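# Examination of the molecular architecture
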Amino acid sequence: MQNRKWRVLIVDDEFRIGMLIRKLIKWDEYDMEFVDAVDNGETAFQIIKEKRPDIVITDIRMPKLSGLDLICMTREISRDIKFVVISGYKEFEYAHRALQYGVDDYLLKPISEDELNKVLKKIHKEFLQKEHQIKERQELQEKVTQSRQIIKRDFLKNIIEQEDADEVEDARVALEGEVYRGIDIKLDYVDYSKSDRKQDRLTVERIVTIVEGILKEVSEEVLICEKENLHIYCLFNYDYSRAKLIKNSINDILSEIKEYLIGFEQYEVTIGVGTERTDFAGIRFSIREANRAVGNRIKMGTGRLIYAEAAAREVDNTDENPVEQYRESFLASLEVYSRENMEQCLNQIFSSFMLRDDIDFSGCYTAAEELIDLFFGYMDLHQEESRQLRKRLGGSCQHCYSITQLKNLLKTELGSYLDMNRAAAEDESVKPVRQAKQYIDEHYSEKIVLEDIAEVIGLNPVYFSVLFKKEAGMNFSAYLMNVRMEKAKEMLCSSNETIAAIGERVGYKDSRYFSQTFAKVVGVKPALYRKLHS
C-alpha cells in the first residue's frame, strides 16, 4: 500500500446520488480517500483549485456549470487530474466531447458498483505506474548527479596528483567562469595520539558543507575533494566582477570553520589560498600554490588565511637545501647507530629554517620527508614494513604546525628506530659468540678447534676469532681452557675419580699435561686442590 492516498471529489446535481457513489467505492482497496461531494460545477471548481484532488467523478448536466465545462476549465490549470464522467444520456456528442477533454472513463446511470470500481481500479493502477516511473526518474537523476560529483571529485584529485600540466587540457569537466582559484583547507591535530577517524569524517563532511554553501553563492562551479592527512582541496571559478566577493567568502569560510571547531579541542585549521589563474591549464598551479601556502603555517601560525603571494619563494637550489648539506653527516650517524649525532644533524637542519625569513617554510615538510626516506632507505627493513613506517611517520609530520614540534617528533621517532636497530645489530653480533659458548659447554670433553666451531656457526675462522675475542674479552683457546678447568674443579670436589680420569673427562688425555695446565690456571695442582676443598 502506498504512503499517500488518492483524493476523490464527487460532483452530481442530485446530492443523494453523489452520496450513493461514495458508498459504492472501495476506498481502502484502491488507496483512496473522500474529499467532498457537491451538487454544482462552480463549487466543484473552487474545491479543485484549493484542494487539487487526484480524481473527479462528475455528472454531465448540472446547473451553473456543466460537467464538460468543469473539465475544460480544470484542464487549463492541471492536466494531471483524472476525470470519470457519469451521465444518464447515451448521446454520442457528450461522449465524443468528453474524450476530447481527456476524460478517463464514461459511465452511464444507473451506476453499477462493479463498473465504477473497475474504472477506479484501472486509474489506481495508472497512478502506481506513474509513481514508479517518477521514482525511477528520480533515482536515475540521483545516480547521474552522484556520477557527476564523482567525476568532478576525481578530476580535482587528478589535477593535484598530475605532474604534466598538458594533461589538464584533456579534462572532461566543463568549468564556466573567467578566473580559476584553488584553496587548501588543512586540519592539524592538537595531539596526534588522540586522533579519531570517525570524528575526522564528520568534521570533514561539515567543512565541505560550509565551503559549498558559501562558494556556490558567488562561484560558477565548485569542486571539492579530501586528500590524506586532512587536506581538503577546493577549486572554484568565477567572473572578474566577483573577485572582492570571493575574497570575503574565503574569509567567511575560515570564520565558520573556526566557529564550528570551537566545540572540539583536537583541531587547528589553516587555509592556503592559491593565486588567480585565467587559463584552464593554470588550475594545477593554483592548487599547488595553495598547498605551498598552507605549508607556511609552520612559521606563520595556524588559524589564519595564508595567500600564496605572502609565502616566500620556493627553494630549488641544492646548495640551499639543508638536508643535502648535512646528508653525509646524517648517514654517518646512522652507520654507527649514534642517536646523539643524528639529533645534532636534525638540530642543524631545522635551525637553518628557524634562522631565516626569506624562504618557503613549506620546505620544512619536504625536508622531513627527505630525512624519513634517507633513514628508512638506509635501514635494512622489509619493504612493506618500511612503507608502513614511512607512511605513519610522514602522516604525523603533516600534523606538526611548528618547526620545533616537527624537529622533536623526528628526534623521538627516528631516535627510537635507531636504538632498536642498534640493539638488533648488537644482538646479531653477539649471537655467534653465544652459540660458540653453548657448543663448548656441551662438548668440552671432546677435541675442539676454532676452525670446527667457525664452520658450525657459518663464519670465517679469522673473523670469528676476532669477534669472539671482542665479545668474550679473551681469545677462543683461553676461554675453552677456563671452561675445562672450572669443570675439573667441580669434579675434584664432588667425586672420588682419579686425577687422570677427571683430566680425560675434560678433554686432556695426558694426565701430566692436565696437572700442569690446572696448576698454571688455578695456582695449585689438582691433588692439593681436592685436599683443600674436600
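Here's what I pulled together on the structure shown here.

Definitions and cut-offs
Residues numbered from 1 in each chain as written. Predicted model: local features only at pLDDT ≥ 70, side-chain atom pairs only at ≥ 80, totals over all residues. Heavy atoms only, no water. Helix = DSSP H or I, 4+ residues; strand = E, 2+ residues; numbered from the N terminus. Buried < 20%, exposed > 50% of the residue type's maximum accessible area, 1.4 Å probe, protein only. Areas by Shrake-Rupley, 256 points an atom, 1.4 Å probe, with all protein chains shown as cover. Phe/Tyr/Trp six-rings, centres within 6.5 Å; stacked < 30°, edge-to-face > 60°. Lys NZ or Arg CZ within 6 Å of the ring centre and 35° of its normal. Core = buried A, V, L, I, M, F, W, Y, C linked by side-chain atoms within 4.5 Å. Contact = heavy atoms within 4.5 Å. Polar contact = N/O pair within 3.5 Å; in protein donor to acceptor, adjacent residues only side chain to side chain. Axes fitted to C-alpha atoms, helices over the stretch in contact; angles between N-to-C directions. Left-handed = near helix turned anticlockwise from the far one by under 90°. Nonpolar A, V, L, I, M, F, W, Y, C, P; charged D, E, K, R; others polar.

### Here we look at the overall build of the protein
Each helix and strand in the protein was counted, giving 21 helices and ten strands. Burial analysis of the protein (534 residues in total) assigns 43% to the buried set. Taken as a whole, the protein presents about 29400 Å² of accessible surface, with 46% of it coming from carbon and sulfur.

### Structural notes on the packing of aromatic side chains
For any two aromatic rings, the description comes down to two numbers: the centre-to-centre distance and the angle of the planes. Following the criterion strictly, the structure yields 17 aromatic pairs and no others. The interplanar angle of 75° and the centroid separation of 5.7 Å between the aromatic rings of F468 and F476 together place this pair among those described as edge-to-face. The exposure classification of F468 matches that of F476, with both residues buried. Among the aromatic residues, ring-to-ring pairing joins Y508, Y513, F514, F518 and Y529 into one connected group. Against the face of F285 rests R284, its NZ or CZ located 4.7 Å from the ring centre.

### A word on the nonpolar core
For soluble globular proteins, nonpolar side chains are generally found buried alongside one another. F330, F350, F375 and L410 are the most contacted members of the largest nonpolar core, which has 34 residues in total. Every element with two or more residues in this core is listed here: α11 (327-335), α12 (339-354), α13 (363-378), α14 (383-397) and α15 (403-443). Sort the elements by how many residues they give to this core and α13 lands first, with nine residues. When neighbours within four sequence positions are excluded, L410 is seen to be in contact with L346, F350, A368, L371, I372, L393, C397 and G415. In this structure, I214, V222, F236 and I246 belong to the second largest nonpolar core, which totals 31 residues.

### Comments concerning the environment of S494
Note that S494 resides in helix α18 (residues 476-494). When the C-alpha atoms of S494 and S534 are compared, they prove to be 8.1 Å apart, with 40 residues separating the residues in sequence. Among the polar contacts made by the side chain of S494, one reaches the main-chain carbonyl oxygen of E490 at a distance of 2.7 Å.

### Concerning the packing of α11 against α13
Between α11 and α13, the least distance of the axes is 10 Å, while the angle of their chain directions is 35°. With respect to the hand of their crossing, α11 and α13 are arranged in right-handed fashion. Contacts between α11 and α13 involve R327, F330, L331, L334 and E335 on the former and, on the latter, L371, L374, F375 and Y378. Here the residues of the contact of α11 with α13 sort into seven nonpolar, no polar and two charged.

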